[in-house]
Every structure is written in structure tokens, then in C-alpha cells.
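A closer look at the structure
So the chains spell out like this:
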Number of protein chains: 2
Amino acid sequence: MMKQRGQVVVDKILDTAERLFYLQGYSNTGINQVIEEADIAKASLYKHFETKADLLVAYVQRTHERWFSRLEATLNKVADPKDKLLALFDHHIERQEIRQYGGCPFIKANDEAGMSDSRVLAAIQQAKRHSKDLIKKLVAASGHKRILTDRELAEMIFIALEGAIAAASVFKGPAEIQTAKKIIQKLI
Amino acid sequence: MMKQRGQVVVDKILDTAERLFYLQGYSNTGINQVIEEADIAKASLYKHFETKADLLVAYVQRTHERWFSRLEATLNKVADPKDKLLALFDHHIERQEIRQYGGCPFIKANDEAGMSDSRVLAAIQQAKRHSKDLIKKLVAASGHKRILTDRELAEMIFIALEGAIAAASVFKGPAEIQTAKKIIQKLI
DNA sequence: CAATAAATAGACAAATCTGTCTATTTATTG
DNA sequence: CAATAAATAGACAGATTTGTCTATTTATTG
């Protein structure tokens, strides 16, 4: 039952889908490219995922899980509660560097399929609610200046992160995320 | 030379492309659907646009022009300089209602084609720079509290608008745009 | 009116797409 | 080892994609 060395087929599929769906977009990525680059048989893919849309849903959920794990690991390394808020921005600067400023994978998936597939939309909303909740907890524990209320500051950080990542993906650089960080720093 | 009543072919194409590219996405919209719904011949489309990608570039540029006209008209109705800043948010709440919370058309186009087509990326960057410049001018004339510098406030408003529109398109409602407005109100 | 330009309908090519199916080989497990 | 499950390669169907081309009709303009 346990495959230790060598990925199991479903992981190879998801790894490849994750890379291609983000880089090229869902619609621009064909099943044939996925199975070729994942180096698996087509029948194997359709044994694990009934349709291409099912693979998209799985991709969003898996991206959500991995996003959360990585962010949690980053935040655990930061002690000061205000610094945790600022670490959010540094984390996303690093992530967007790695992602070559391709923007937020959830917003991308939402723009491509969120209006037509309700399961995709639901998975994306879950991820964004998760992000917002996490920020709310960090704000509550931060002991900030109270220029804004807890709720306002949390919403502002959430919205600023979203906007800064979107802007960074337009201008292909970290500038807006760094700017957002400095401004939030003034407000906490 | 002048066509007065009845749209010329190129306008019918662009109107249809505008609607379909935004609603369904560029990749999910076929040339055949465009010509059918625009009620024109395929040869006419390819006489005006060499490739589908050229139509996308034209779509982005036209969306940019129309976005600016509409926003300018809205702002001209507002006298108070601080109210102009707040009117940005109201304007986008209305626009996103009409657009059924489909998000920013430029970010959408960027997510779908910005990484692969440099002309699309350039057109999107122009639109976003235009938006940022407009906000900067409004901020400079606003006589705000100077909790933030002019540059910081302008960047914050730009980023907050981007983020709020993205969040609104995930949660399919105006909540985040309204919240962003209230927060900016506190800072000006 | 005559000449030129613009638009039309639609067939067509060539490639690509998702999804199905068969037949075979490789792993796993009792 | 024997039985079951999982993965493979690849042909195939049927639909759809972008873009080209021909032949015809409709507008425009000198």
C-alpha cells in the first residue's frame, strides 16, 4: 500500500497539473500535455480523475493545502506578533519571485473557471476565507496601534495583499508588495 | 466613409469580443462564436484582425479607453477633492455589479495571456499605469490628513482597489470594495 | 452608370481537444 | 505461486479549434 521511492501516479499527475495550470492556464493546458510531462498513461489519469474539471478542482485544493503549510512554516519562525503581519508580505514577495510574478493561483483559477464551475469557485472561496481568518488571528494578537479597528486592519491587510500581488503580476516585480508592507508597517 | 446608422463591422466584432472575452475568457471563446454572435462573416473578421491574438490586443486597448472615459465622467460629477477619491470606490462597486463581479478585465487578460503575449502585457501595463497616475493626481489635490505621504496614499488606494475588486470577484459581492472605501476614508 | 471596395456564406484543411477503449505488462498481496 | 489490482501504450471517435479560400452579393464613390 505504501509507495516510498518513486511518486505514485496521482502525485505525478498533480505535480504536473500544478505546474502547467499555473504557468499556462487551465484552458491552455491539454490533457495530452499533462500525461506526457507527467510520464503516465492517459487511462491512468482518467482512472483517478473523471474529467479535466475534476483535475482542476483537485489542483485548487492541493494548492490551498500547500499554500497553508508553507505560510504556517514561515510564520512559525517569527516570534514578534507585529513582525508576523509583516512576514506575510515578505513571504509573498518570495513566493511571487519563485512564481515569476504570475499572480495568485486562486485568482487565476477564479478568473478562468470560477464563473462556470461552482466546485472550483467553492474551493477558491475556502482558500481565501482561510487566508482572511489567519490574518484576523494575527491582527488580534498583534497589539497594533489601533489607528484602525481589528476588523478593519485585518481586511486592509487581506485586501492589500491581494492587490499588491495582482499589481506585481502586471508589472513583473516586487515593488507593490514592498510598498504595501511599508504602509501596513505605519498602521500597526 | 462615415457609417452613421448601423454599426460598422469592426465595432460589431469588438462589442462581441468585449462581452465574450470578459464573460467566458479569451481561451474559452472561439472565433466561430464571435462571428456568429456578432453576425458577421469570418472573412470580415480576418480582414480586420490578422489573428485571434490581435483581436485580444484590440479588446484590451478598447477596454482601456472605455474604462477611462467612464471613470472621468464619474469624477467630473464630484466637486470635493476628497470625495473624488471615495468616488473611485463607488464607481467600481457599480461597475462590478454590472459585470456580475467578474473582476478586473485587465487582470483577467493578464492572467490568461500576459505571460505569453508581450503586446497584451504592454497594453495592460499601460492601463494600470494610467489608473495609478490618475489616483496620484487626485491624491495630490485632495488635501488629505497626511497620515501617509502622497505617494503612499496613492499606492495604497491603487493597491486597495485592485485587491478589493479581486476579493469581490471571489466572494461575488461588493463587501470588500465597501470596506476598502471606509478604511481609505479614515486615512484621508 | 461603372468601377472599386467591402462584406457575405460556407466549404475546407490541418491541428488539437477530451474522453473511451482494447490489449498488454507490471505490482501488489494473500 | 496465484490472483487481483494498477499502470501502460496507443489507436480511435467525435467534436472543436484557428485560419484560408472561393464565389457571390452588397455598398461606396468617382
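Think of each chain on its own: its residues are numbered from 1, step by step along the sequence as written. Throughout, the order in which chains and ligands are written sets their labels, letters from A for the former and numbers from 1 for the latter. Whole-chain, interface and lining totals are the exception, using all residues; otherwise, since this is a predicted model, local features are given only for residues with pLDDT of at least 70 and side-chain atom pairs are given and counted only at 80 or more. Side-chain metrics in this entry use all non-hydrogen atoms of the structure; hydrogen atoms and water are not considered.

Section: the nonpolar core
Formed by 129 residues in total, the largest nonpolar core has its most connected members in V60, L88 and I157 of chain A together with V60, L88 and I157 of chain B. Once residues lying within four places of it in the same chain are set aside, the contact partners of L88 of chain A are L71, L75, L134, I135, L138, I157 and L161 of chain A. Side-chain atoms within 4.5 Å are what join buried Ala, Val, Leu, Ile, Met, Phe, Trp, Tyr and Cys residues into a set we call a nonpolar core. Burial classes: relative accessible area under 20% of the type maximum marks a residue as buried, over 50% as exposed, and values in between as partly exposed (1.4 Å probe, protein chains only). Contact criterion: two residues are considered in contact whenever any of their non-hydrogen atoms come within 4.5 Å of each other.

Comments concerning the domain arrangement of chain A
Residues and elements named next belong to chain A. Domain start and stop points were drawn from an automatic or database domain assignment. In terms of domains, chain A is made up of domain 1 (7-49) and domain 2 (52-187). A straight line from the C-alpha centre of domain 1 to that of domain 2 covers 26 Å. Each side of the interface is counted separately: domain 1 has 16 residues, and domain 2 has 17 residues. Summed over both partners, the accessible area (1.4 Å probe) lost when two parts come together is defined as the buried area. When domain 1 packs against domain 2, close to 1700 Å² is buried across both sides, 60% of that on carbon and sulfur atoms. It is E18, Y22 and Y26 that lose the most area in domain 1 upon contact with domain 2, and together they represent 49% of the buried surface on that side. The salt bridge criterion pairs a side-chain nitrogen of Lys or Arg with a carboxyl oxygen of Asp or Glu, the two atoms within 4 Å. For the pair domain 1 and domain 2, the number of links is five salt bridges.

Digging into the packing of helix α5 (residues 81-98) of chain B against helix α9 (residues 175-187) of chain B
All names here are of chain B. Every angle, taken between N-to-C directions, lies between 0 and 180 degrees, and every axis is a line fitted to C-alpha atoms, over only the stretch in contact when it is a helix. Strands are runs of DSSP state E lasting at least two residues, helices are runs of H or I lasting at least four, and both sets are numbered from the N terminus onward. Closest axis-to-axis distance for the α5/α9 pair is 9 Å, and the angle between their directions is 180 degrees. The angle between α5 and α9 falls in the class roughly antiparallel. Contacts from L86, F89, D90, H92, I93 and Q96 of α5 reach α9 at I177, Q178, A180, K181, I184 and Q185. Oblique is the label for any angle not covered by the other classes, which are roughly parallel (under 35 degrees), roughly antiparallel (over 145) and roughly perpendicular (65 to 115).

Regarding the relation of the copies chain A and chain B
In this comparison the copies share one frame, found by least squares on the C-alpha atoms of residues holding pLDDT of at least 70 in both. For these two chains of identical sequence, chain A goes onto chain B by a turn of 180 degrees and a shift of 0.0 Å along the axis, with RMSD 0.0 Å. The operation mapping one copy onto its partner corresponds to a two-fold rotation axis. Taking the C-alpha atom as reference, chain A places G163 of chain A closest to the rotation axis, 1.7 Å from it. Looking at the interface residues of chain A, 100% of them are also at the interface in chain B, so both copies use one shared face.

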